[in-house]
Amino acid sequence: MPTLDDILEHIGEFDLFQKQVFFVLCFMSAAFTPIYVGVIFLGFTPEHHCLSPGVAELSSRCGWSLEEELNYTVPEQGRRGESFSSRCRRYNMDWNTTGLSCINPLENFTGYYGNRSSIPLTHCQDGWVYDSSGSSIVTEFNLVCEDSWKVDLFQSCVNAGFFFGSIYVGYIADRYVWDSKTYYPSPPNQFLVAFAPSYLWIVIFRFLQGLVSKGSWTAGYILITEIVGPSHRKTVGILYQVAFTVGLLLLDGVAYAIPHWRWLQLTVTLPCFLLLLYYWCLPESPRWLISQKQNDKAMKIVDYIAKKNGKKLPAHFQNINLEEDDGEKRSPSFTDLVRTPQMRKHTFILMYNWLASSLQYQGLIMHMAMAGEDMYLDFFYSALVEFPAAFIILLTINRIGRRYPWAVATLVAGVACLIMALIPEDIHWLKVTVGCIGRMGITMSIEMVCFVNTELYPTFLRNLGVMVCSSFCDVGGILAPFIVYRLAEIWHELPLIVFAVVGLIAGGLVVLLPETKGKTLPETIEDVENLHRKTDIWTLCSPKENSMLLLIISY
């Protein structure tokens, strides 16, 4: 009985229909960007200090410049990030007191004998003053000092939504109700973030964003990789991720033009309402219909594809089936992932690499934005390097293989983070350059772990294996903001040291995995156990390849 891939060879593997679907799905990939890394602009923390009643009036009377006002009235005023006191404490004194000197106003304070440290400090009871012409959730809800961890939670909530959404899409939905047209983004959740009346509601809406958005992005990836021929799957999969990079550049431009977080959120959300039309514009996945024993519906879609491509379906292709063993089907089990030695090794290494890739990717973006002199320009430069990363992957995966390019890319990312931590702050251009190299390496690592994950599991266990391993990507995303922002308060470069160690370990572990270039996808656990052998075991086994390559990917 012919397979869907056999039919695609006759009606077009990547013809007009597939190109149209690919184009509209790339729009959805780009639209995912504000959800994934929007915290850079929505949660931007500008320079700030305590609001002290009476200081503005005194400054106006004395004719102080801004620098003089800060020097006279802010404790331990210094360079960016040097002093917690300069940002989160103020002098416990009444600046409305008459007779304060314009030359040295603190000399009038009782108990001051030339040493500022003897002046008692107090919390910022009256709020903060922010050095920014725009706004963010930080400036609106005062998420600084003792409440600065709430910015971390803001980003972690969306990753928690990714995590629970992945479980639904990857397991429950795949078994019972999965429909690739059901999971296109839910713009109302994004829309509500822009009108959230309080921080609590922002966190709730942010979690709901993550709950549906990752499944939407994944559904688009799966659909496009299922309706193209085998020779084009990896290419369209990587280019689908390149569309995400285009989204990064667009987000940067829009955020620069609209520096107010509510308007920014509204601007990036409104185009997403067009995605609701996808329910009627895109076809259902014929492979999924086949798996649900709905061959008649699948054949109607195949006929439609042939018509759009200007091809005619051969008469002898009356039915199609999944390319799988004719023997007894096995139900996937979580214990199968760790039951045998090689499966256990693959599972633990892939789990760690998913976590490490996400931790480094999101963490590096947040750290560069936090440390940069120009947040928008640094974000633009680091996003640009994702294009050559995709190009290098396309050149190497079928020539060199998967394992060594993946290991080198991960090690480069780790080394780059280490070098960044050692570069002095005043050599900013070099710090950004090295950061961009690290960003390119970790981008390659993420894209490589995506499809290698599918190549290391047998057919019946593939979707479950990818779902379990890729869920650790979301765990890394949950941890990333806390590592970046909390550890930076101890030492600004400490998060980079953590990323370096995590990346170097990940790169070393990759070398322990077998090379999958030119190997048929494993069909049984026994095939996986034999992958490490140098002898081509596929000449000894049934060489039938399951070409339904469902790549469930997470950034």
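Report follows, based on the coordinates. This is a predicted model, so every value here is computed, not measured. (Residues numbered from 1 in each chain as written. Predicted model: local features only at pLDDT ≥ 70, side-chain atom pairs only at ≥ 80, totals over all residues. Heavy atoms only, no water.)

## Overview of the pattern of salt bridges
Moving on, step 1. One pass over the full model with this rule turns up 12 salt bridges.
Moving on, step 2. With a shortest N-O distance of 3.3 Å, Lys 311 and Asp 15 are connected by a salt bridge. Of the two residues, Lys 311 is situated in the loop between helix H16 (295–308) and helix H17 (341–371) and Asp 15 in the loop between helix H1 (4–11) and helix H2 (16–31); the sequence distance between them amounts to 296 residues.
Moving on, step 3. Looking at Asp 15, the relative accessible area reads 24%, which means it is partly exposed.
Moving on, step 4. Here Asp 126 ties to Arg 90 by a salt bridge, and the two come within 3.1 Å at their closest N and O atoms. (Salt bridge = Lys/Arg side-chain N within 4 Å of Asp/Glu carboxyl O. Helix = DSSP H or I, 4+ residues; strand = E, 2+ residues; numbered from the N terminus. Buried < 20%, exposed > 50% of the residue type's maximum accessible area, 1.4 Å probe, protein only.)

## Looking at unusual backbone geometry
Moving on, step 1. In this structure, Asn 142 is a non-glycine residue whose phi angle is positive, near 55 degrees.
Moving on, step 2. For Asn 142, the location among the structural elements is in the loop between helix H8 (137–141) and helix H9 (149–177).
Moving on, step 3. Backbone geometry places Cys 145, a non-glycine residue, at a positive phi of 55 degrees.
Moving on, step 4. Counting through the fold element by element, Cys 145 comes out in the loop between H8 and H9.

## Observations concerning the state of the cysteines
Moving on, step 1. Taken as a whole and assessed by the stated rule, the structure comprises three disulfides.
Moving on, step 2. Each sulfur of the disulfide joining Cys 50 and Cys 124 lies 1.6 Å from the other. Of this pair, Cys 50 sits in strand S1 (residues 48–50) while Cys 124 sits in the loop between strand S3 (121–123) and strand S4 (128–130), and the two are 74 residues apart along the sequence. Each member of the pair, Cys 50 as well as Cys 124, is classed as buried.
Moving on, step 3. Covalently, Cys 88 is tied to Cys 145 through a disulfide, its sulfur atoms 2.0 Å apart. Where Cys 88 bonds to Cys 145 through sulfur, the torsion about that S-S bond is close to -95 degrees, and the disulfide is left-handed. Here Cys 88 is found in helix H7 (residues 84–88), whereas its partner Cys 145 is found in the loop between H8 and H9, with 57 residues between them in sequence.
Moving on, step 4. In this structure Cys 88 comes out as buried when scored by relative accessible area, which is 2%.
Moving on, step 5. Residue Cys 145 is classed as buried on the basis of its relative accessible area, which comes to 10%.
Moving on, step 6. Cysteine pairing for the chain, with bonded cysteines counted in sequence order: 1-5, 2-4, 3-6.
Moving on, step 7. For the unlinked cysteine Cys 473, the closest cysteine sulfur is that of Cys 450, found at 7.9 Å.
Moving on, step 8. Judged by relative accessible area, Cys 473 falls into the buried class, the value being 2%. (Disulfide = S-S within 2.5 Å.)

All quantities given are derived from atomic positions and should not be read as evidence of function.
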